[in-house]
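Structural characterization, general
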Amino acid sequence: MVRKPLLKIGLTGGIGSGKSTVADSLQKKGILIIDADRISRELTGKNGRALAQIKATFGEKSVVETGMNRDYMRGLILSDNTQKWRLEQILHPMIRKEMQECYEHADTAYVVFDIPLLIESIDRYKDFFDHICVVDCDPETQINRVMARSHYSRDQVMKIIALQAPRTKRLEYADAVIHNDQEVTLLQLEEQVNALHERWLHESSKKEG
Ligand code: ATP
């Protein structure tokens, strides 16, 4: 039996915006979450499928016993933007293929793709999603949240935010926005997630006919 394609939701947001909290909540409702970062870590971790190509492209030092040599690659990428591009050329098609395979085996009402840097690579994902959902908050909230859960300094978080897509650009692509500023409680966040969940369930039931 050929199954109808399931609704595809791209979930994104800046560092510390609350994506994982939203994804966890949807997962608890039984929705499949396909996590692009996890796939990327598997591809580049011990015995990962991307390692052979990484070694062939960047040399012996780029791969160690535990997988991709992250410190070495970080240095390479920071010193030369074309190296970042070359690594992405290897990883992105593999991540995309893996996501597609997970999607094809999905057995939930709709599927959420958790992709932190979705807007940064929007050209690769145009036409892939039915909806793009952005978890949005102001930079001050991002800084406070990330500092509270890690050893990063304010400056370090600000640098990461500056490297990510600007908030305005992320919102331009969103057709669903979850507001998660400092004053939003976890309960209010959950209420927004519930409302979107209902909307997407409804839409997927119509899609199934
Ligand atoms: P990253 O991009 O760094 O992985 P993220 O966007 O996935 O971050 P989360 O990990 O979901 O963000 O949230 C960051 C931190 O903020 C977590 O400790 C989470 O519990 C907390 N948090 C998120 N939203 C709220 C909220 N509305 N109220 C209280 N705490 C929150």
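Here, residues in each chain are numbered from 1, in the same order as that chain's written sequence. Note on the predicted model: pLDDT of at least 70 is required for a residue's local features to be given, and 80 or more for side-chain atom pairs to be given and counted; whole-chain, interface and lining totals, by contrast, use all residues. Side-chain calculation: all heavy atoms of the structure are included, whereas hydrogens and water are not.

Some words on the site of the ligand
For this purpose, a residue is taken to be near a molecule or strand whenever a single non-hydrogen atom of the residue falls within 4 Å of it. Within the structure, the ligand sits among 14 residues, and Lys 19, Ser 20, Thr 21, Arg 149 and Asn 180 are positioned closest to it. Counting of polar contacts relies on pairs of N or O atoms within 3.5 Å, with two restrictions inside protein: one atom must be capable of donating a hydrogen and the other of accepting it, and residues adjacent in sequence are counted only when both atoms are side-chain atoms. At 3.1 Å from an oxygen atom of the ligand is found a main-chain nitrogen or oxygen belonging to Gly 16. Ser 20 is positioned with one of its side-chain polar atoms (N or O) 2.5 Å from an oxygen atom of the ligand. Contact with the protein chains removes 71% of the 630 Å² of surface that the ligand exposes when unbound. A run of DSSP states H or I qualifies as a helix once it reaches four residues; a run of E qualifies as a strand once it reaches two. Both are numbered from the N-terminal end. Secondary-structure elements contributing two or more residues to the shell around the ligand are helix H1 (19-28) and helix H7 (139-149). The protein chains shown are the only cover counted for residues, whose accessible areas, like all others here, come from Shrake-Rupley with a 1.4 Å probe.

Digging into the environment of Ile 115
If you trace the backbone, Ile 115 turns up in the loop between strand E5 (110-114) and helix H6 (122-125). Relative accessible area serves as the criterion here: at 5%, Ile 115 is assigned to the buried category. Not counting chain neighbours up to four residues away, the residues in contact with Ile 115 comprise Leu 11, Thr 12, Ala 36, Met 99, Tyr 125 and Phe 129. Under the scheme applied here, a residue whose accessible area is under 20% of the maximum for its type counts as buried, over 50% as exposed, and between as partly exposed, the area being computed with a 1.4 Å probe on protein chains only. Throughout, a residue-residue contact means that at least one pair of heavy atoms, one from each residue, lies within 4.5 Å.

Focus on the nonpolar core
Take the buried residues of types Ala, Val, Leu, Ile, Met, Phe, Trp, Tyr and Cys, join any two whose side-chain atoms come within 4.5 Å, and each joined set is a nonpolar core. Among the nonpolar cores identified, the biggest contains 34 residues, and Ile 54, Met 99, Phe 113, Ile 115 and Phe 129 are the most heavily contacted of them. Among the secondary structure elements, those contributing two or more residues to this core are helix H2 (36-44), helix H3 (51-58), helix H4 (70-79), helix H5 (81-104), E5, H6 and strand E6 (131-136). Counting residues per element, this core draws most heavily on H5, at seven residues. When near neighbours in sequence (up to four residues on either side) are disregarded, Phe 113 contacts Lys 8, Ile 9, Gly 10, Leu 11, Ile 34, Met 99, Tyr 103, Phe 128 and Phe 129. One finds Leu 7, Leu 26, Val 112 and Ile 178 within the second-largest nonpolar core, a separate group that totals 19 residues.

Geometry only, nothing functional implied.
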